Amino acid sequence: MASLSLRLAATMPSVGPGKTMSVMSTTESGGCSGGREAGVRHLVQNGHFSVPAAVQVTRSAMSSIPVSGSSSTSPLRAVSSKISAEMSTAPSTEEPELETDPIVLWNRYVNWLYQDKDLGLYLDVSRIGFSDEFYEAMLPRFEDAFKHMKELEGGSIANPDEGRMVGHYWLRKPEIAPTPYLQKLILDTFDRVQKFADDVISAKIKPPPTPVGRFTQVLSVGIGGSALGPQFVAEALAPDNPPLKLRFIDNTDPAGIDHQIAQLGPELSSTLVLVISKSGGTPETRNGLLEVQKAFRDAGLDFSKQGVAITQEGSLLDNTAKIEGWLARFPMFDWVGGRTSEMSAVGLLPAALQGIDIRGMLDGAAIMDESTRNTTVSLIL
Ligand SMILES: O=P(O)(O)OC[C@H]1O[C@](O)(CO)[C@@H](O)[C@@H]1O
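Residues numbered from 1 in each chain as written. Predicted model: local features only at pLDDT ≥ 70, side-chain atom pairs only at ≥ 80, totals over all residues. Heavy atoms only, no water.

## Description of the overall build of the protein chain
Part 1: When helices and strands are tallied, the protein chain shows 10 helices and 14 strands.
Part 2: Looking at the protein chain as shown, the accessible area adds up to about 18,600 Å², and 56% of this sits on carbon and sulfur atoms. (Helix = DSSP H or I, 4+ residues; strand = E, 2+ residues; numbered from the N terminus. Areas by Shrake-Rupley, 256 points an atom, 1.4 Å probe, with all protein chains shown as cover.)

What follows is the structure in structure tokens.
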């Protein structure tokens, strides 16, 4: 696991206009000859840009690169945008000057670049205009946030109005779910999703007799959190030629719904329809479902043989699917928010049907979660 502790560099001494700068490499563990001690464990290292294990600009060892701009002193001045007054707990509410000194800007980049090599993820916050004082003033809030995160992951009630937990983290690491019952529920649901998708792709599960003899298309009916995750993953991760093509009805625009159905054309008979709604009662989703069901009737097709519900048990949608005998039903859990439901059946089933490695998705998300648990925000100060 890569550490979040990537920043060790100290603020550089000031330099006046017209001075020069040099770039010096240091070792992975930090330390730099010339200038003040500085080191960075990780720097950007992707396909486009690669920097040695640690680089620090110094002002004492000079090369011939001219430096323009004004001098800098600690604390750093703003770099680009300004922190809004209400967000800031910094001592001063004066609008800071924009930083222009390239040495300061470079060192700030080096000091604040976050990289997780395991994930191939980096995040550059160096151009956000916060000062050292602002960062220090925020530390208690960071600590508070980490404390609350820990409580959340432990199963605390985070939504007092609804009296429910918030546990989407458990989906990718069931062993941290607060009860054995929940752990089993997560694992069983994953297995069911994977098996169903495999069976659809291999045509073990197929639509009523069609010329092609297997499902070729997936139509997802759902809005907001019940559509955005699957849409994003389809864009980002689906293979060029997925085993089943995925399309969406994600609003209640009649023309848009008609368009999707018209584009399916005769392939409606080989379309698997996923109706996704956590509450199971969202009117827009219901409208979409009714329109699709009408199209099936008009085409002489039996919707129940091709319909799948993903929703909370006992919801209107769940009961409808049960009574009408739909092809399958998958659960949505009350402790997973709609906007964070991608790693539940909501996102996993559409992904698996496109041939995406859903175990890999969960493993990647688990690594990301692990990174967010590291409470070391910075080692600079
Ligand atoms: O999954 P549901 O219950 O159909 O809700 C769909 C969306 O509607 C909202 O409740 C409101 O837009 C969102 O929070 C949610 O993602």
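Further notes follow.
## A few points about empty space enclosed by the protein
Part 1: For the structure shown, the criterion picks out 3 cavities of 30 Å³ or more.
Part 2: Around the second largest cavity sit 14 residues that line it, and Leu171, Ile186, Phe190, Met343 and Leu348 are the ones nearest its centre.
Part 3: Listed by contribution, the elements that provide at least two residues to the lining of the second largest cavity are helix H4 (180–201), helix H9 (345–353) and helix H10 (358–372).
Part 4: Element by element, the count of residues in the lining of the second largest cavity is highest for H4, at 5 residues.
Part 5: By residue class, the composition of the lining of the second largest cavity is 11 nonpolar, 2 polar and 1 charged. (1 Å grid on protein atoms, 1.4 Å probe; cavity = no way out; pocket = protein on both sides within 12 Å on 5 of 7 lines; lining within 4 Å. Points joined across faces, edges and corners; volume = space filled by probe spheres on them. Nonpolar A, V, L, I, M, F, W, Y, C, P; charged D, E, K, R; others polar.)

## Overview of the sheet that holds strand E14 (residues 328–331)
Two strands in a sheet stick together by hydrogen bonds in their backbones, pointing the same way (parallel) or opposite ways (antiparallel).
Part 1: Pairing within the open sheet is parallel, and its 5 strands lie in the order E11-E10-E12-E13-E14. Looking at strand neighbours, the two that pair on one side only are strand E11 (245–249) and E14, the edges of this open sheet. In this sheet, neighbouring strand axes are inclined to one another by 20° on average, regardless of whether the strands run parallel or antiparallel.
Part 2: Contacting strand E10 (217–221), E11, strand E12 (271–276), strand E13 (307–311) and E14, H9 runs over the sheet at an angle of about 165° to E12. (Pairing = 2+ DSSP bridges. Axes fitted to C-alpha atoms, helices over the stretch in contact; angles between N-to-C directions. Contact = heavy atoms within 4.5 Å.)

## So, the site of the ligand
Part 1: In the neighbourhood of the ligand, the contacting residues comprise Ile223, Gly224, Gly225, Ser226, Ser277, Lys278, Ser279 and Thr282.
Part 2: Backbone polar atom of glycine 225 to an oxygen atom of the ligand: 2.6 Å apart, as the coordinates give it.
Part 3: Out of a free accessible area of 390 Å², the ligand has 59% covered by protein chains.
Part 4: For the shell around the ligand, a count of residues per class yields 1 nonpolar, 6 polar and 1 charged. (Near = heavy atom within 4 Å. Polar contact = N/O pair within 3.5 Å; in protein donor to acceptor, adjacent residues only side chain to side chain.)

## Regarding unusual backbone geometry
Part 1: Its identity is not glycine, yet alanine 203 carries a phi of approximately 65°, on the positive side.
Part 2: Relative to the helices and strands, alanine 203 resides in the loop between H4 and E10.

## Examining the side chain of serine 277
Part 1: Secondary-structure assignment places serine 277 in the loop between E12 and helix H7 (283–298).
Part 2: When residues no more than four places from it in sequence are discounted, the contact partners of serine 277 are Ser226, Thr282, Thr285, Ile310, Thr311, Gln312 and Leu317.

## Here we look at the packing of helix H6 (residues 254–264) against H7
Part 1: Direction vectors running N to C along H6 and H7 enclose 35°, while the axes themselves pass 11 Å from each other. For H6 against H7, the interelement crossing comes out right-handed. Along the contact surface, H6 presents Ile257, Asp258 and Ile261, while H7 presents Gly288, Glu291, Val292 and Ala295.
Part 2: Partitioned by chemical class, the residues of the contact of H6 with H7 number 4 nonpolar, 1 polar and 2 charged. (Left-handed = near helix turned anticlockwise from the far one by under 90°.)

## A short note on helix H1 (residues 102–112)
Part 1: With 9 of its 11 residues buried, H1 lies for the most part within the structure.
Part 2: Along H1, the residues classified as buried are Ile103, Val104, Leu105, Asn107, Arg108, Tyr109, Val110, Asn111 and Trp112.
Part 3: Between a side-chain oxygen at the N-terminus of H1 and the backbone nitrogen of isoleucine 103 the separation is 2.8 Å; the capping residue is aspartate 101. (Buried < 20%, exposed > 50% of the residue type's maximum accessible area, 1.4 Å probe, protein only.)

## A short note on the confidence of the model for the protein chain
Part 1: Across the protein chain, the average pLDDT comes to 80, with 74% of residues at or above 70.
Part 2: Contacts of residues 1–76 to residues separated by more than four positions or lying in other chains number 197 contacts, the stretch itself having pLDDT below 50.
Part 3: Both confidence scores are given for the complex: pTM 0.75, ipTM 0.95. (pLDDT = per-residue confidence, 0-100.)

## Digging into the packing of aromatic side chains
Part 1: This model, assessed by the stated rule, comprises 9 aromatic pairs.
Part 2: Both rings, one in phenylalanine 196 and one in phenylalanine 330, keep their centres 5.5 Å apart while their planes meet at 70°; by these two values the pair is edge-to-face. With a gap of 134 residues between them, phenylalanine 196 in helix H4 and phenylalanine 330 in strand E14 connect regions that are remote in the sequence. Of the two residues, phenylalanine 196 and phenylalanine 330, both sit in the buried class.
Part 3: Taken together, the ring pairs in this structure connect Trp112, Phe130, Tyr135 and Phe142 into an aromatic cluster.
Part 4: The ring of phenylalanine 190 has arginine 359 sitting right over it, with the charged end atom 5.0 Å from the ring centre. (Phe/Tyr/Trp six-rings, centres within 6.5 Å; stacked < 30°, edge-to-face > 60°. Lys NZ or Arg CZ within 6 Å of the ring centre and 35° of its normal.)

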